[in-house]
Amino acid sequence: MARIEFKNIEKRFDDVVVIPGMDLVINDGEFVALLGPSGCGKSTSLFMLAGIYLPSGGDLLFDEHRVNEVEARDRNVGIVFQSYALYPHMTVRDNIRFPLRFKKVPDAEAKRRVREAAELVQVAELMNRRPSQLSGGQQQRVALARALVKDPQLLLLDEPLSNLDATLRLTMRTEIKALQERLGVTTILVTHDQLEATTMADRIICMREGEIEQIGSPDDLYLRPETLFVAGFIGSPPINILHGQVDSEKLRVGEAVAPLVGVGNGPFSIGLRPEHLEFGDSGVPARVIQTEPMGREILYVAESPLGLIRVLESGSQVNHRIGEETRIAFDPSNTLLFEEATGRRLDGAHFHLNTTARAA
Amino acid sequence: MRNRQITNYIVFLGPAGVIVLLFFVMPVLVDIGIAFTDMGRDLQVTKFTLRNFERAFTGDSRLPKVISLTFIYVFFTLAIFNVTFGLVLALTTTAIPKGGGFFRSVWLMPRMSPSVVYIVLWIWAVHGGEASLVNQIAMNVFGVEKPLDLLSNTPVMLIILSNGFIGASFGMIILTSAIRGIPDHLFYAAKADGAGSLSIVRHIVMPALRWPLTYITIWQTLSLLVSFEYIILLTGGGPFQDTTVYALYVYRRTFQSGQYAYGAALALFLIIPGILIAISAWRFTNMQQLLQRPRIEVQ
């Protein structure tokens, strides 16, 4: 087990700066997720932890020891790749045993540890198969066993679930989380899937273009996003972002106006989660243009003077037909206000759009 | 619909079929036919006979030496250059981060240059006079007193070297692309699992090269067995008959001595193993699978 620390870590590929300078501490035994869109530097960070890439600057510490130049083979890091990267010509047994070959583990002990790792992830009965004879989920388990057999101080998971079908993904999510809790190994999950991150990790590190946008619990990121990017990235269906303008203590959004004190003039973005909105007799006038039943919920897309607005209603009954003229009301305590120049959220800025606006 | 299918077969496969028939199947049939005649320099056939085969099995005292030389030539050219050195070139040029392409191009040059030019360079390098490259180095650097005459003294080594320098690039190209075809993640995984460079070569790279290596060995065996272009240019098969490999011997018998029927019979011995090796390769090494899809799968 290990405590991981990034101290001003920088990574360049020739002239391309992928990570300009990253500070991060991951505590011993913690399960964190690096979350962000592709190209945000999350996989690069993971590869630096594994020792596959070397940092261009800064210090990478494992338990206070600098490991910048330590070779991958000397790090004792277990890694599960998106493609699982099982050795195609080896049986499941040989795949799981492979890391022990280089550790001078006595034969009897190696056999015992391979068996234990295989039992841990429930592939003990597949030992003599080759990867091509396994299903995606089984390959995933073998990859996990191979990563765990050497008793790693750090477990890295690179998009481990993205090649599984939806049902299996759910199962593996639960299993990996349970396994991590049981073993207590420091684990870093890299994913672009917010659901994976929010369901599995204790803490989420949301990244964008090589920089950390926000670190926090799943709740923090969802309810209290610090930036417009995090607000837009977290949440499915995505948050409604409306553009407005503050002018002498009044916020204008389309034709609606609301008093807003304590902020300077300029463009602002308003974030409204679809589930915090509801159709009713008061509020912004709107016309339903699309309905998307999602099982327990229905997603409506409505056209309003403020732009397109998504509204999520619980229940499986479609209550509003396409073309229906209605109004959308919302709870002012659940609105998020972002300064457009910086993309940062204004803490505690709530407002109430007046409801006199009329469709043009 | 059925007619359309037949038309498609004829239109798309017809031209290739005609070529295969004219240039691959027909010559074999003609060769088999001639082997059972007494065709000589005048190209006249007067009777059908088994005399050519009798002669090959009992009456040709030079044949055993030619055959054993051919084995030595093919075996060492393959073992040292076409497979082993090709593999070393592929491994080293893919392992270095930059400049691998340059080294590979250098090794492609012998193959790209016209055979006469290539052999002229060899003769210039190894001829018995004091001006040859080898002798200038041997005499000026190593203090050898008399010029070496490699063409007379070690001709077999020279034909192996000159063919090997060309043959290595074939294996190099195929193996390089096979190594490139191994997903990066396998290398990363092996590194994270604690494997060093040699272990990665042994456990990750070599298993992936099993099929290409089999293919190269078979292909190059067949091609070395039947080609004598560089040998005839470099040594002319001599001195005496020292570098006359089987294919060259057949050529000399047929076209220089005008023993067409006997040459055809000798060539038959080359055609039969060729076909057998090709078929058994197809059968036993699962060539079909090799040709159809890569053994390494990327998801």
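None of these values were measured; they are calculated from a predicted model.

Peer 1: Explain the overall build of chain B to me, please; I cannot follow it from the model alone.
Peer 2: Along chain B, the regular secondary structure elements total 15 helices and zero strands. Along the first, second and third principal axes, the C-alpha set of chain B runs to 80 × 75 × 35 Å. Per-residue burial over chain B gives 40% buried out of 299 residues. Long-range contacts, defined as pairs at least 24 residues apart, comprise 67% of the intrachain contacts of chain B with a sequence gap of at least 6. Accessible surface for chain B amounts to roughly 17100 Å². Of this, 69% is attributable to carbon and sulfur atoms. With 21 positive and 13 negative side-chain charges, chain B shows a separation of 10 Å between the mean positions of the two kinds.

Peer 1: Quick question: what am I supposed to make of the sheet that holds strand β14 (residues 266-272) of chain A here?
Peer 2: Residues and elements named next belong to chain A. As summarised here, the arrangement of the five strands in space is β13-β12-β11-β14-β20, forming an open sheet in which the pairing is antiparallel. Two strands in the sheet have a free side with no partner beyond their single neighbour: β13 (256-259) and β20 (335-339). Between one strand axis and the next, the sheet turns by 30° as a mean value, whatever way the strands run. Direction of pairing for strand β11 (residues 240-247) relative to β14: antiparallel, over a ladder of seven bridges. Within β14, the residue paired with Val246 across the bridge is Gly266.

Peer 1: So what exactly am I meant to see when it comes to the domain arrangement of chain A here?
Peer 2: Note on interface size: it is often stated as the accessible area lost on association of the parts. Residue and element names in this part refer to chain A. Domain annotation for chain A reports domain 1 (4-228) and domain 2 (237-339). Taken over C-alpha atoms, the centre of domain 1 sits 39 Å from the centre of domain 2. In this assembly, seven residues from domain 1 lie in contact with six residues from domain 2. Between domain 1 and domain 2, a total of about 540 Å² is buried, with carbon and sulfur atoms accounting for 63% of that surface. By the criterion of area lost to domain 2, the three top residues of domain 1 are Tyr222, Pro225 and Leu228, representing 82% of everything that side buries. In this assembly, domain 1 and domain 2 are joined by zero salt bridges. The tally of links from domain 1 across to domain 2 stands at two residue pairs in polar contact (both at pLDDT 80 or more). A per-element tally of the side of domain 1 that touches domain 2 places helix α7 (residues 218-223) first, with three residues. For the side of domain 1 that touches domain 2, a count of residues per class yields five nonpolar, one polar and one charged.

Peer 1: For this particular structure, what's the right way to read the interface of chain A and chain B?
Peer 2: Contact with chain A, which involves 25 residues of that partner, is made by 19 residues of chain B. When chain A packs against chain B, the two sides together hide about 2000 Å² of surface, and 62% of this comes from carbon and sulfur. Its largest share of buried area at the contact with chain B, chain A owes to A:Arg73, A:Tyr87 and A:Phe102, together 24% of the area lost on that side. Connecting chain A to chain B are two salt bridges. A salt bridge links B:Asp193 to A:Lys150; the nearest nitrogen and oxygen atoms lie 3.6 Å apart.

Peer 1: Where do I start with the packing of aromatic side chains in this structure?
Peer 2: Aromatic ring pairs are described here by two measures, namely the spacing of the ring centres and the angle between the planes. One pass over the structure, following the stated rule, counts 26 aromatic pairs over all chains. Measuring from centroid to centroid gives 6.1 Å for B:Phe53 and B:Phe269, while their planes differ by 90°, and the two rings are edge-to-face. Remark: B:Phe269 occurs in helix α14 (residues 260-284) and B:Phe53 occurs in helix α2 (residues 51-59); sequence separation between them is 216 residues. Note on B:Phe53: relative accessible area 14%, which makes it buried. With 6.2 Å between their ring centres and 75° between their planes, B:Phe81 and B:Phe85 make a pair best called edge-to-face. With B:Phe81 and B:Phe85 both in helix α3 (residues 63-95), this residue pair falls four residues apart, about one helical turn. Every member of this aromatic cluster is reached through a ring pair, and the members are B:Phe81, B:Phe85, B:Trp107, B:Tyr118, B:Trp122, B:Phe165 and B:Tyr230. Over the aromatic face of A:Phe13 sits the side chain of A:Lys11, whose NZ or CZ is 4.8 Å from the ring centroid. Against the face of A:Phe62 rests A:Arg75, its NZ or CZ located 5.9 Å from the ring centre.

Peer 1: Any chance you could explain the sheet that holds strand β5 (residues 65-66) of chain A here in plain terms?
Peer 2: Note: strands within a sheet are paired through backbone hydrogen bonds, in either parallel or antiparallel orientation. Residues and elements named next belong to chain A. As summarised here, the arrangement of the four strands in space is β2-β1-β4-β5, forming an open sheet in which the pairing is antiparallel. Strands with a single pairing partner mark the edges of an open sheet, and in this sheet they are β2 (16-26) and β5. Two strands pair when backbone bridges link them, and strand β1 (residues 4-13) and β2 are joined in this way by seven bridges, in the antiparallel orientation. Each residue of the ladder has a partner; that of Phe6, found in β2, is Leu24. Packing of helix α1 (residues 42-50) onto the sheet brings it into contact with β1, β2 and β4 (57-62), and relative to β1 it is tilted by some 115°.

Peer 1: Even after reading the chapter, I still don't get the environment of A:Gly36, so can you show me in this structure?
Peer 2: All names here are of chain A. Mapped onto the fold, Gly36 is located in the loop between β3 (31-35) and α1. C-alpha separation for the pair Gly36 and His192, spaced 156 residues apart in sequence, amounts to 5.1 Å. With residues near it in sequence (within four places) discarded, Gly36 still touches Lys42, Thr191, His192, Met207 and Phe233.

Peer 1: For this particular structure, what's the right way to read helix α4 (residues 100-112) of chain B?
Peer 2: Spacing of three or four residues puts side chains on the same side of an α-helix, whose turn is 3.6 residues. Residue and element names in this part refer to chain B. In this model, α4 (13 residues) spans 18 Å end to end at C-alpha, consistent with the 18 Å of a helix rising 1.5 Å per residue. Listing the buried residues of α4 in full gives Gly100, Arg104, Trp107 and Pro110. Looking at the packing, one finds that the buried side of α4 touches α3, α5 (115-126) and α8 (155-180).

What counts, and at which threshold
- Residues numbered from 1 in each chain as written.
- Chains lettered and ligands numbered in written order.
- Predicted model: local features only at pLDDT ≥ 70, side-chain atom pairs only at ≥ 80, totals over all residues.
- Heavy atoms only, no water.
- Helix = DSSP H or I, 4+ residues; strand = E, 2+ residues; numbered from the N terminus.
- Buried < 20%, exposed > 50% of the residue type's maximum accessible area, 1.4 Å probe, protein only.
- Contact = heavy atoms within 4.5 Å.
- Areas by Shrake-Rupley, 256 points an atom, 1.4 Å probe, with all protein chains shown as cover.
- Lys, Arg positive; Asp, Glu negative; His and termini not counted.
- Charge placed at Lys NZ, Arg CZ, Asp CG, Glu CD.
- Pairing = 2+ DSSP bridges.
- Axes fitted to C-alpha atoms, helices over the stretch in contact; angles between N-to-C directions.
- Domains from an automatic or database assignment.
- Buried area = accessible area lost by both parts, 1.4 Å probe.
- Salt bridge = Lys/Arg side-chain N within 4 Å of Asp/Glu carboxyl O.
- Polar contact = N/O pair within 3.5 Å; in protein donor to acceptor, adjacent residues only side chain to side chain.
- Nonpolar A, V, L, I, M, F, W, Y, C, P; charged D, E, K, R; others polar.
- Phe/Tyr/Trp six-rings, centres within 6.5 Å; stacked < 30°, edge-to-face > 60°.
- Lys NZ or Arg CZ within 6 Å of the ring centre and 35° of its normal.
- Expected span 1.5 Å × (residues − 1).

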